[in-house]
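Summary of structural features
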Amino acid sequence: MAESIQNTIDFLQETQDTMMEDYKALLRFPSISADPAHAGDVSACADWIVGQLKALGFDNCEAIATAGHPVVYGEWLKAGADKPTALVYAHYDVQPVDPLPLWETEPFEGVIKERRMFARGASDNKAGVWGNLKVFEALLRTNGELPVNVKIMFEGEEESGSPSIEAFVKANKARLKADVLLNCDGDLSPDSPKYHYGGRGMVTAEVRVSGPSADLHSGLYGGLVENPLHVAGRIIGSFHDRAGRIQVPGFYDDLREAGETEKARIQAGFQAEALLGGAGVDRFWGDSIAPVAERATVYPTCDITGMWGGYQGPGNKTIIPAEAGFKVTMRLAPDQDPSAISGALKAYVEGFSTDTVQVDCQLGEEAWYFELVTEGAWLEAVQSAIEATIGKRAQLVRTGGSIPMLGVFNRLIGLPITAFAYGEGEGIHSPNEYLKLDSFYTSLEAAVRLYHNLGAVEA
C-alpha cells in the first residue's frame, strides 16, 4: 500500500501547475446561490462537475434537481463489498462578491500570485470539490481503482442556508446510504491543523416596518406620524440587555449547556488573541454571560446584519420614511430547535406593531446545530493521514459557524460524520478571497492517505 500511496502523491506533485490552471475553469462559474439572477450559473456549474465525474469513470452521475439548486451526485462502488462506503460532501456554491470595488482581481477569473489563488470560492468551498476530484483522478490514474467505495454529494445552496437539503435527504435516503459521511467544508492549516467537530444552528429573518403610504415632510408631519425608523431602532435595541443576553421570550429554554469535558476541549482549542486581532477591537463584549471561548462557539447569538430606511445620500433630507427594515441572523446552540426559535422571533418582533405602523417578520434560513465523531476509527483515519503528512495530529475544536446539511444528517440519517478539509485560505465571504497553494498541495497528499485509511476501516 505504501508504494501505491507514494505513486499517487508523485502524480499529484508532477501535475500541480496544470491542476491549478484547470481549477480556474471551476472558479469562473459565478455560482452565487443566494442571488436568483445567478440560478443559471449555479446549474451550469453543477453540470460541469457532473461532466468531470463522468470523465473519471464514476457511475450514475447527475445534477439532481431540488426545490432550489441541484445536488451533484456520482458513485464509484467498485472497491468491493468488503470495503466501506464514504459519502463525500462539499459545496460548489459561493457567497456574493459585494462590495465589488474592494476586489483587487476579478472575483471569478482565478488569479495566481504570491502562491495564492484569488477568486470567490477558491477556498470556500470549491477547494473541497476540486481537491476531491484531483485526488480521485490521481488514485485512478496510478492505481486503476479507489481504495474505498465513494458516493459524491456536492451541494449547490450551502451559502444560502441549504433550504432544500432536508427534503432532498428525506427523498434520497437509499441513494445516500453509506458507512460514514466525510465533510470537506473547512480549512486545513499545516502549521496548526484543526478538526471542527461541532457547530451552531442558524435562523435568519428580514423585518419590514411600514408606516405612511409615502415619505413625508418632517416639518409637516414630524411628531404626528410614527417614524418606521424609530420603531425599527426600538426593536433592534430591545434584542439584548446591557450584559448582552438575548431578550426574545423563551430563547434560552431549550439551551443545552456544555459539560465540563466539552468546556475544557473548547478552551484548549480556542485562540482568543487571534480572534481579537482579527476583529480589530480592544476587547470583547458580554463577558458576564460566559467565557469568550464558549460564547464564540457553543452559546447562541442574535445579530443585526443589515438595516435600511430613509435617505442615504450626502447631506440631509427632511423626511419621515414610509418604510424601514433590518436583517437578523441567530446562531443556535445544541438542542435549540430552529423552528421554535423562528416562531419566537417572529412573535416577538411583530408584537411591536401599533395602530400606526405594521411590523412584518419574514423568516429565512433554519438549520440545526451539528456534531461530528470525536473518537473511533473514522476519526483515527483522518488523524493518521494528517499526522503522516505533516507530523502532527489535528486539534479538536468547535466552530461558531453553521453547516446546515450536517445538522440534517445528524437528525435524519444518524450516519457517523468525520471531516477533512482541502487547504486554507482567507477572505472567505469577503473581497479578495484566496487559497494558499502550498497548503492545498499538502492536503492533497493527506487526502490520498485518508482514502486508503478509510478503506481499511471495518464497516
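Residues numbered from 1 in each chain as written. Predicted model: local features only at pLDDT ≥ 70, side-chain atom pairs only at ≥ 80, totals over all residues. Heavy atoms only, no water.

Details of the packing of helix α2 (residues 16-27) against helix α4 (residues 126-143)
- Put simply, α2 and α4 touch, their axes get as near as 11 Å, and they point 130° apart. Classified by the angle between their axes, α2 and α4 sit oblique to one another. In terms of crossing hand, the pair formed by α2 and α4 is right-handed. On the side of α2, the interface is formed by Met-19, Asp-22, Tyr-23, Leu-26 and Leu-27, while α4 contributes Lys-126, Ala-127, Val-129, Trp-130 and Lys-134.
- Along the lines of polarity and charge, the residues of the contact of α2 with α4 split into seven nonpolar, no polar and three charged. (Axes fitted to C-alpha atoms, helices over the stretch in contact; angles between N-to-C directions. Helix = DSSP H or I, 4+ residues; strand = E, 2+ residues; numbered from the N terminus. Parallel < 35°, antiparallel > 145°, perpendicular 65-115°, else oblique. Left-handed = near helix turned anticlockwise from the far one by under 90°. Contact = heavy atoms within 4.5 Å. Nonpolar A, V, L, I, M, F, W, Y, C, P; charged D, E, K, R; others polar.)

Quick notes on the sheet that holds strand β3 (residues 85-91)
- The strand order β1-β2-β6-β3-β7-β17 describes an open sheet built from six strands, whose pairing is mixed. Only two strands of the sheet have a single neighbouring strand rather than two, namely β1 (59-64) and β17 (417-419). On average, each strand axis in the sheet is inclined to that of its neighbour by 20°, with strand direction left out of account.
- The pairing of strand β7 (residues 180-183) with β17 spans three bridges and is parallel. Considered in β17, the bridge of Leu-182 is made with Thr-418.
- Across the face of the sheet, helix α13 (residues 404-412) comes into contact with β3, β6 (149-155), β7 and β17 while running at roughly 165° to β7. (Pairing = 2+ DSSP bridges.)

What to know about the packing of helix α3 (residues 39-56) against α4
- Running from amino to carboxyl end, α3 crosses α4 at an angle of 15°, the nearest separation of the two axes being 10 Å. Put simply, α3 runs roughly parallel to α4. Handedness of the crossing formed by α3 with α4: left-handed. Here α3 contributes Cys-45, Trp-48, Ile-49, Gln-52, Leu-53 and Leu-56 to the contact with α4, which in turn contributes Lys-126, Val-129, Trp-130, Leu-133, Phe-136, Glu-137 and Leu-140.

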